[in-house]
Amino acid sequence: MPVDDDKYPTESGRRRFVKGVVGSATLASVGTGGVAALNSATAPTGAGGGIIQYLGIENTDGPAPRGMPQIPIEIDSEGFIKGVWPKPETRTVQGREITVAEMELGGETYSSEWFQYCGAQSLPGIQPAADQDNFFRSTGSPPYEWQSSTYSGGDKIHIDDFQDYESWGNGIGASGLGKPAMGTWRSEGVSPQEQIPIQVLRSKRILDKVESGEGEFAEWLRASTAEGFIAWLDKCTHFCCVPAFKAFGDSSKFGAEDRVYCQCHQSVYDPFSTIKKSFVALPRPDN
Ligand code: FES
């Protein structure tokens, strides 16, 4: 998938999003006063959603309203990288049964609802019980030469291919900050428009942070990263483009050559800075 394939939510995602909003407004207009209004904000139509606290990489510049949510990582016994997906469970929320994928991890509550924005809430892989294996797989046309010469689209991403992460560079900004790859997650067998874009980065900075054990999010970083690898859902929180670390030469004009840069409207994210924020996660469409 080209980097800029997914500039905006898919048509069906938009329609569903609008439907969800209309549904919420309708809900708010029935019932009684304040309680109904509160319920419509915290439990819109569709499954899951509402006010969610998440951890992610910090948005440091540009119009994006907040950071992109982190995807915790695990490495399997053969060295392939996977994103952690909590075991789905069914809960009753305000009289309705919904399925959620949620777990305690590194002192935080990690939930699939972290990813319910920008149309991603409609993607098949975001469904808590989707039958997917969680491996990160290479995109078909990544912006990194090393990656296109190492992988074909769909290949599983392997830690051995990042051995030069302490020196890697591509002429954009400083070398040695970390080695990135673009991938997809929980997207086997779905159409390109339905794939979940992710970015993974291996960096000594992440490793050092974890080893020092210092900082507000030390426990979370220890649990959510592995061997210096960190990953996030690669959908800009502004208008849903696909940003990247050291992929765009023009990022230097915006001081973003050593950051994750979104070409659409120049938002900048710092993959080495963790934030904890709230947002209103959009409900998944009802089946
Ligand atoms: S989509 Fe507007 S800055 Fe990323």
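This text follows the structure it describes.
Chains are numbered independently. Their residues run from 1 in the order of the written sequence. It should be noted that, the model being predicted, local features are given only for residues of pLDDT at least 70 and side-chain atom pairs only at 80 or more, the latter also being counted only at that level, while totals for whole chains, interfaces and linings use all residues. Side-chain numbers here rest on the full set of heavy atoms in the structure, without hydrogens or water.

**Observations regarding the overall build of the protein**
Okay, step 1: Scanning the protein from terminus to terminus reveals five helices and 14 strands.
Okay, step 2: Buried residues in the protein amount to 53% of all 287 residues.
Okay, step 3: By sequence separation, contacts in the protein at least 24 residues apart represent 68% of the contacts at least 6 residues apart.
Okay, step 4: Accessible surface computed for the protein: about 12,400 Å², of which carbon and sulfur atoms make up 48%. Only DSSP runs of H or I with at least four residues qualify as helices, and only runs of E with at least two residues qualify as strands; both kinds are numbered from the N terminus onward. Each residue's exposure class comes from its accessible area (1.4 Å probe, protein chains only) as a fraction of the maximum for that residue type: buried when under 20%, exposed when over 50%, partly exposed otherwise. Residues count as neighbours in contact if any of their non-hydrogen atoms are within 4.5 Å of one another. Per-residue and other accessible areas follow the Shrake-Rupley method at a 1.4 Å probe size, with only the shown protein chains counted as cover for residues.

**Looking at the sheet that holds strand β13 (residues 260-262)**
Okay, step 1: By the convention used here, strands pair only if DSSP detects at least 2 bridges between them. Sheet architecture is open: five strands sit in the order β2-β1-β14-β13-β12, paired in antiparallel fashion. Where the open sheet ends on each side, the last strands, each with one partner, are β2 (68-69) and β12 (244-245).
Okay, step 2: Judged from the three bridges that link them, β13 and strand β14 (residues 267-281) form a sheet pairing that is antiparallel. Bridging across to β14, Cys-262 finds its partner in Ser-267.

**Things to note about the pairing of strand β1 (residues 50-61)**
Okay, step 1: Pairing of β1 with β14 involves 11 bridges; the strand directions are antiparallel. Across the sheet, Tyr-54 pairs through a bridge with Lys-277, a residue of β14.
Okay, step 2: Bridging between β1 and β2 involves two bridges; their strand directions are antiparallel. Pairing of Gly-56 across the sheet is with Pro-69, part of β2.

**Remarks on the packing of aromatic side chains**
Okay, step 1: Here the aromatic set is Phe, Tyr and Trp, taking the six-membered ring for Trp, and pairing holds for ring centres within 6.5 Å; pairs whose planes are under 30 degrees apart are stacked, those over 60 apart are edge-to-face, and all others are tilted. One pass over the structure, following the stated rule, counts 18 aromatic pairs.
Okay, step 2: Taking 5.5 Å as the distance between ring centres and 70° as the angle between the ring planes, the aromatic pair formed by Trp-85 and Trp-185 counts as edge-to-face. Note that Trp-85 is positioned in the loop between β4 (81-83) and β5 (88-93) and Trp-185 in strand β9 (residues 179-185), a separation of 100 residues in sequence.
Okay, step 3: Note on Trp-185: relative accessible area 0%, which makes it buried.

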